[in-house]
Amino acid sequence: MEQLVTSPDNPAAARSRTPHQPLQLSGQQEPGTPRRSRRMRRTLAATALLAAGALALSACGGDAEAGGHGDDKNSQAGADAAAAKDASQAKIKVSSKNGATDASINDTGVKVTGGKLTDVKLTVAESGAVVAGAISADGSSWKPGVQLERGTKYKIVANAKDTKGRSATENATFTTVSSANSFIGSYTPDSGKTVGVGMPVSFTFDKVITNKKDVQSHIKVTSSSGQQVVGHWFGSQRLDFRPEDYWKAGSKVTMNIDLDGVQGGEGITGVQSKTVSFTIGRSQVSTVDMNTQTMTVKRDGKTFKSILISGGSAENPTYNGQMVISEKFEQTRMDGSTVGFTKEDGKGEYDIKDVPHAMRLSSSGTFIHGNYWGDPSIFGRAGTSHGCVGLKDAKGGGGNTPGKWFFQNSLVGDVVIVKNSKDETIKPDNGLNGWNMPWSEWQAGSAA
């Protein structure tokens, strides 16, 4: 099945309210009408595991009355429809499911219909090493030139164009299979990265862990800041680590993974042994106020910039709470059908294949992203999306726009806080958003 990101405008993405690969952190399992269907999607999203790099796709869209225009031609719904109509007919399919922890080491590939592939890049997530591969002579497929490594996380970006030259992009992150009697943990962030102050360490295991105490005790996370770091289990396959407050800017975090030979449960033994470290960059925390449709960006505690936004509509509000940017995409597809926003014919309420400057805030599909199809009057005035936070942008991502500025000035791990929305607070396990859990409750979820 084709993997899509969700959210044109909030894109309500994945609320998934927005498009993108699954912020399923590697291996994560996995939100018009209808408030009822949104609740159902949320129930599913709350159980979704967030894995390193992979998330459920999302999508966002706009409200029919956006911008104050009454006729469909000029309404937000009309703008969404126009953007979708002008979208590329090229449909890209990656054989390895986004967020999978059991991807094949032999059958990974890319296919396209309605167009031709222009370039495909497959890299080892941790090192960034490029895996050689080739596009077929007719441009319809791509295959790697070597067998993939077992238990390794990969990222793939595929681009294509249709007969009219319109571009389409697909992103996927997946981890290859390990042997049946062993287990591995896909984790985020990767070694050597510089991340924001809100970035937790998050493990998603490819097998159910019943011996939680031994597994957790063989993963040590420390910080040069001296902050106490505690692990918390979300179910039996996800283990996150964080301090009580955000990481100190400029500190170095190290995780020693010593799972080789550790019994994770009946018949499964760990096979990982490595040391990973990453750096905390400057502090950036951005607060979105839904009452004023404005986002205030603070850098190292001082106001840095104010940006007009268009958040979720009254029917599809944006989650409240502290959310961490888990993935960044210069361009991605957002399809409402992947997150429950469908029409009577089963197609998505929106399907925009070139959403610019998209950054995932939840595994259920919430994004903060560029919006080039909305009337300029909606920014700072009206919530029009399906749950995402939209910033004014240009088609193709060019020019000097708020969407581009925020994308270029944000790190994975930066915090985006939403307040004064009519929605509930996002669940701690819906994305990398454990900061929404009280410290005492977080500590109670430790097995060590």
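None of the values given here were measured: they were computed from a predicted structure.

Trainee: Would you mind going over the overall build of the protein chain with me for this structure?
Mentor: When you go through the protein chain residue by residue, the secondary structure sums to five helices and 29 strands. The buried share of the protein chain, taken over its 448 residues, is 59%. Carbon and sulfur atoms form 49% of the exposed surface of the protein chain, whose accessible area is close to 17100 Å².

Trainee: Just checking my understanding: could you explain the side chain of arginine 333 for this structure?
Mentor: Tracing the sequence through the fold places arginine 333 in strand E25 (residues 327-335). Judged by relative accessible area, arginine 333 falls into the buried class, the value being 4%. In terms of polar contacts, arginine 333 uses its side chain to reach the side chain of aspartate 351, at 2.8 Å.

Trainee: Would you mind showing me how to read unusual backbone geometry here?
Mentor: Peptide bonds are, in most cases, trans, and in most cases residues other than glycine have a negative phi. In this chain, threonine 188 is followed by proline 189 through a cis amide linkage whose omega measures 5 degrees. Looking at the element boundaries, proline 189 is found in the loop between strand E11 (185-188) and strand E12 (194-195). Within the chain, aspartate 300 stands out as a residue other than glycine whose phi angle is a positive 50 degrees. Within the element layout of this structure, aspartate 300 appears in the loop between strand E22 (294-299) and strand E23 (302-310). Taking the relative accessible area as the measure of exposure, aspartate 300 reaches 49% and is therefore partly exposed. Residue asparagine 420 is not a glycine yet carries a positive backbone phi of 65 degrees. Positionally, asparagine 420 belongs in the loop between strand E29 (415-419) and helix H5 (439-444).

Trainee: Help me understand the packing of aromatic side chains, please; the structure alone is not making it clear to me.
Mentor: How two aromatic rings sit relative to each other is given by the distance of their centres and the angle of their planes. Throughout the structure, instances matching the rule amount to 10 aromatic pairs. Between phenylalanine 203 and phenylalanine 205, the ring centres sit 6.0 Å apart and the planes meet at 15 degrees, which makes this aromatic pair stacked. For the pair formed by phenylalanine 203 and phenylalanine 205, the shared burial category is buried. By way of ring pairs, the aromatic residues Phe183, Tyr187, Phe203, Phe205, Trp233 and Phe241 are connected into one cluster. Sitting over the face of the ring of phenylalanine 407, lysine 328 holds its NZ or CZ atom 4.4 Å from the ring centroid.

Trainee: Could you clarify how one ought to interpret the pattern of salt bridges in this entry?
Mentor: Side chains bearing opposite charge may pair, as long as their charged atoms lie close to each other. Tallied over the entire structure, the rule returns 13 salt bridges. With a shortest N-O distance of 3.9 Å, arginine 166 and aspartate 86 are connected by a salt bridge. Taken together, the residues arginine 166 in the loop between strand E8 (153-161) and strand E9 (167-175) and aspartate 86 in the loop between helix H2 (76-85) and strand E2 (91-94) connect sequence positions 80 residues apart. Exposure remark for arginine 166: the relative accessible area of 18% places this residue in the buried category. Taking the relative accessible area as the measure of exposure, aspartate 86 reaches 38% and is therefore partly exposed. The residue glutamate 327 makes a salt bridge to arginine 360 at a minimum N-O spacing of 2.8 Å. One end of the pair, glutamate 327, is in strand E25; the other, arginine 360, is in strand E26 (residues 351-360), and 33 residues separate them in sequence. Exposure remark for glutamate 327: the relative accessible area of 7% places this residue in the buried category. Through salt bridges with shared partners, a single network forms among Asp86, Asp162, Arg166, Asp354 and Lys395.

Trainee: Before we go on, may I ask you to explain the sheet that holds strand E16 (residues 238-242) in this structure?
Mentor: Pairing between the strands of a sheet comes from backbone hydrogen bonds, and it takes one of two forms, parallel or antiparallel. The four strands lie next to each other as E11-E13-E16-E15, forming an open sheet whose pairing is antiparallel. Each end of this open sheet is capped by a strand with a single partner; those strands are E11 and strand E15 (230-234). Here the strands of the sheet are splayed against their neighbours by 20 degrees on average, with no regard to which way each runs. One ladder, built from four bridges, connects strand E13 (residues 201-205) with E16; its direction is antiparallel. Residue pairing across strands places serine 202 opposite aspartate 240, the latter belonging to E16.

Trainee: Looking at this model, I keep getting lost on the side chain of aspartate 393. Mind explaining?
Mentor: With respect to the secondary-structure elements, aspartate 393 resides in the loop between strand E28 (389-392) and helix H4 (402-408). In terms of polar contacts, aspartate 393 uses its side chain to reach the side chain of histidine 357, at 2.7 Å.

Trainee: For this particular structure, what's the right way to read the sheet that holds E9?
Mentor: In spatial order, the strands read E5-E4-E8-E9; together these four strands make up an open sheet with antiparallel pairing. Unpaired on one side and paired on the other, strand E5 (130-131) and E9 mark the two borders of the sheet. Relative to E8, strand E4 (residues 116-124) runs antiparallel, the two sharing eight bridges. When the sheet's bridge partners are listed, leucine 117 is paired in E8 with alanine 160.

Trainee: Just checking my understanding: could you explain H2 for this structure?
Mentor: Within an α-helix, residues lying three or four positions from one another point in the same direction, as the helix has 3.6 residues per turn. Considered for burial, the residues of H2 that qualify are Gln76, Gly78, Ala79, Asp80 and Ala83. Buried residues in H2 make contact with E26 and strand E27 (367-371).

Trainee: Help me understand the pairing of E13 in this model?
Mentor: Regular strands have side chains that alternate between both faces of the sheet. Taking burial as the measure, the five residues of E13 include five buried ones, the bulk of the element. Covered by surrounding structure in E13 are Val201, Phe203 and Phe205 together with Ser202 and Thr204, the residues of both alternating faces. Looking at chain direction, E11 and E13 are connected through four bridges and run antiparallel. The partner of threonine 188 across the bridge, within E13, is serine 202.

What counts, and at which threshold
Residues numbered from 1 in each chain as written. Predicted model: local features only at pLDDT ≥ 70, side-chain atom pairs only at ≥ 80, totals over all residues. Heavy atoms only, no water. Helix = DSSP H or I, 4+ residues; strand = E, 2+ residues; numbered from the N terminus. Buried < 20%, exposed > 50% of the residue type's maximum accessible area, 1.4 Å probe, protein only. Areas by Shrake-Rupley, 256 points an atom, 1.4 Å probe, with all protein chains shown as cover. Polar contact = N/O pair within 3.5 Å; in protein donor to acceptor, adjacent residues only side chain to side chain. Phe/Tyr/Trp six-rings, centres within 6.5 Å; stacked < 30°, edge-to-face > 60°. Lys NZ or Arg CZ within 6 Å of the ring centre and 35° of its normal. Salt bridge = Lys/Arg side-chain N within 4 Å of Asp/Glu carboxyl O. Pairing = 2+ DSSP bridges. Axes fitted to C-alpha atoms, helices over the stretch in contact; angles between N-to-C directions. Contact = heavy atoms within 4.5 Å.

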